Amino acid sequence: MADLNVTIGDLKLKNPVTTASGTFAYGEEFKEFMDPGKLGGIFVKGLTLHNREGNPYPRMAETASGMLNSVGLQNKGVDHFIEEIFPRIKQFNTQIIANVNGSTIEDYIRVAEKLNGLGEMHAIELNISCPNVKEGGMAFGINPRSAREATEAVRKVYNKTLIVKLSPNVTDIAGMARIVEDAGADAVSLVNTFLGMAIDAEIRHPILSTVTGGLSGPCIKPLALRMVYDVYKAVSIPVIGMGGIMNAIDAIEFMLAGATAIQIGTANFTDPSVSLKVIDGITDYCKRHGVENIVELVGGLE
Ligand SMILES: Cc1cc2nc3c(=O)[nH]c(=O)nc-3n(C[C@H](O)[C@H](O)[C@H](O)COP(=O)(O)O)c2cc1C
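Overview of the structure.

Regarding the overall build of the protein
- Broken down by element type, the protein carries nine helices and 16 strands.
- For 302 residues, the compact-globule estimate of 2.2 N^0.38 gives 19 Å, and the C-alpha radius of gyration of the protein, at 18 Å, lies within 12% of that figure.
- Considered along the principal axes of its C-alpha atoms, the protein spans approximately 55 × 50 × 40 Å.
- For the protein, with 302 residues in total, the buried portion stands at 59%.
- Counting only contacts in the protein whose residues sit at least 6 apart along the sequence, the fraction spanning at least 24 positions is 72%.
- Approximately 12,900 Å² of the protein is accessible, and the part contributed by carbon and sulfur atoms is 51%.
- A distance of 2 Å separates the average location of the 27 positive side-chain charges in the protein from that of its 34 negative side-chain charges.

In structure tokens:
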């Protein structure tokens, strides 16, 4: 059997398959469908400094081959996560990675500082790319100066593996990746959702309460794949790829484009055990292609 271990900074994953923030809750909700301990890692639902109710309903809309959401980072705040949720989910035999959000740089710093003290958590993902919040979020990730400032500020207070999640809603994602690498990121993850919109023609009204939302799912895969490929060529830190991965072959394609690990998002809504099928499918691919170590596939286009 192929060796599936991969390393992102100091974070060691037993396989490259992880679940994407906001699509797998805290992992425990999926326990009746699959064993979360088999995953390489779980990127948990986005955390903010304080409790957030999220955006008003409707905040989900189905589209032809994907979904639009504007959940707006609903969560009970980082302290609740540290005190109530993490003690339970750290028992899973997998890496738990927090997804850090803020309206101001100070917010990002304070959330990251609190997580720095969590012994069993070895990495955070800095979300500077959420399109569904009025203040902060994507605003940090589409402006080169604020992307640098947010990354540098968190780097100063967080001394474990820092992954910065990039927005696809920019003209030069490779340039943004180089900026956050230079500012101290140990890895980049991409892509977050694409800003989109859905309309109900019968009532002449936008479907989402927020009018616009983030598009995810199979429809974004070719766009995400191209971005992972461009970023891989531009930086020397590891890339974590995502965007419309539905099966093992999609995951392999992201690895060939340059991803060291992948995240599965929207697919969890259609099949809660899809991530384990992806692990099995990757193992099978390695067997069929004589791959002994999964790392051989990273950026392995011929
Ligand atoms: C309902 C929903 C909630 C999400 N919440 C977050 C979040 O809290 N933080 C974050 O960084 N990304 C969030 N995302 C984005 C996903 O993590 C992922 O980047 C995106 O959906 C693309 O992957 P996919 O096409 O496989 O879903 C969310 C996506 C969805 C669909």
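Next comes the rest of the account.
A word on a nonpolar patch on the surface
- A contiguous nonpolar surface patch, about 270 Å² in accessible area, is contributed by Met-197, Ile-199 and Val-211.
- Relative to the helices and strands, Met-197 resides in strand 11 (residues 194-197).

Observations regarding the site of the ligand
- Taken together, 24 residues lie around the ligand, and Ser-21, Lys-165, Gly-217, Gly-244 and Thr-266 are the ones closest in.
- The contact in question runs from an oxygen atom of the ligand to an N or O atom on the backbone of Gly-46, over 3.2 Å.
- One of the side-chain nitrogen or oxygen atoms of Asn-127 is found 3.0 Å away from an oxygen atom of the ligand.
- Burial of the ligand by the surrounding chains reaches 95%, relative to a free accessible area of 610 Å².
- The residue makeup of the shell around the ligand, split by class, is eight nonpolar, 15 polar and one charged.

Structural notes on the sheet that holds strand 11
- Taken in spatial order, the four strands line up as 5-6-14-11 in an open sheet, and their pairing is antiparallel. Only two strands of the sheet have a single neighbouring strand rather than two, namely strand 5 (60-63) and strand 11. Each strand of the sheet is rotated relative to its neighbour by a mean of 40 degrees, with strand direction disregarded.
- Note: strand 5 against strand 6 (residues 66-69), four bridges, orientation antiparallel.

Considering the packing of helix 1 (residues 78-89) against helix 2 (residues 105-116)
- Closest axis-to-axis distance for the helix 1/helix 2 pair is 10 Å, and the angle between their directions is 20 degrees. In terms of orientation, helix 1 lies roughly parallel with respect to helix 2. Crossing hand, helix 1 versus helix 2: right-handed. For the pair formed by helix 1 and helix 2, the contact residues are Val-78, Asp-79, Phe-81 and Ile-82 on the first element and Val-111, Lys-114 and Leu-115 on the second.
- Here the contact of helix 1 with helix 2 is composed, by residue class, of five nonpolar, no polar and two charged.

What counts as what
Residues numbered from 1 in each chain as written. Predicted model: local features only at pLDDT ≥ 70, side-chain atom pairs only at ≥ 80, totals over all residues. Heavy atoms only, no water. Helix = DSSP H or I, 4+ residues; strand = E, 2+ residues; numbered from the N terminus. Rg over C-alpha atoms; globule rule 2.2 N^0.38 Å. Buried < 20%, exposed > 50% of the residue type's maximum accessible area, 1.4 Å probe, protein only. Contact = heavy atoms within 4.5 Å. Areas by Shrake-Rupley, 256 points an atom, 1.4 Å probe, with all protein chains shown as cover. Lys, Arg positive; Asp, Glu negative; His and termini not counted. Charge placed at Lys NZ, Arg CZ, Asp CG, Glu CD. Patch = residues over 30% accessible without salt bridge, like charges linked within 9 Å, V, L, I, M, F, W, Y side chains within 5 Å. Salt bridge = Lys/Arg side-chain N within 4 Å of Asp/Glu carboxyl O. Near = heavy atom within 4 Å. Polar contact = N/O pair within 3.5 Å; in protein donor to acceptor, adjacent residues only side chain to side chain. Nonpolar A, V, L, I, M, F, W, Y, C, P; charged D, E, K, R; others polar. Pairing = 2+ DSSP bridges. Axes fitted to C-alpha atoms, helices over the stretch in contact; angles between N-to-C directions. Parallel < 35°, antiparallel > 145°, perpendicular 65-115°, else oblique. Left-handed = near helix turned anticlockwise from the far one by under 90°.

Keep in mind these numbers describe shape, not what the thing actually does.
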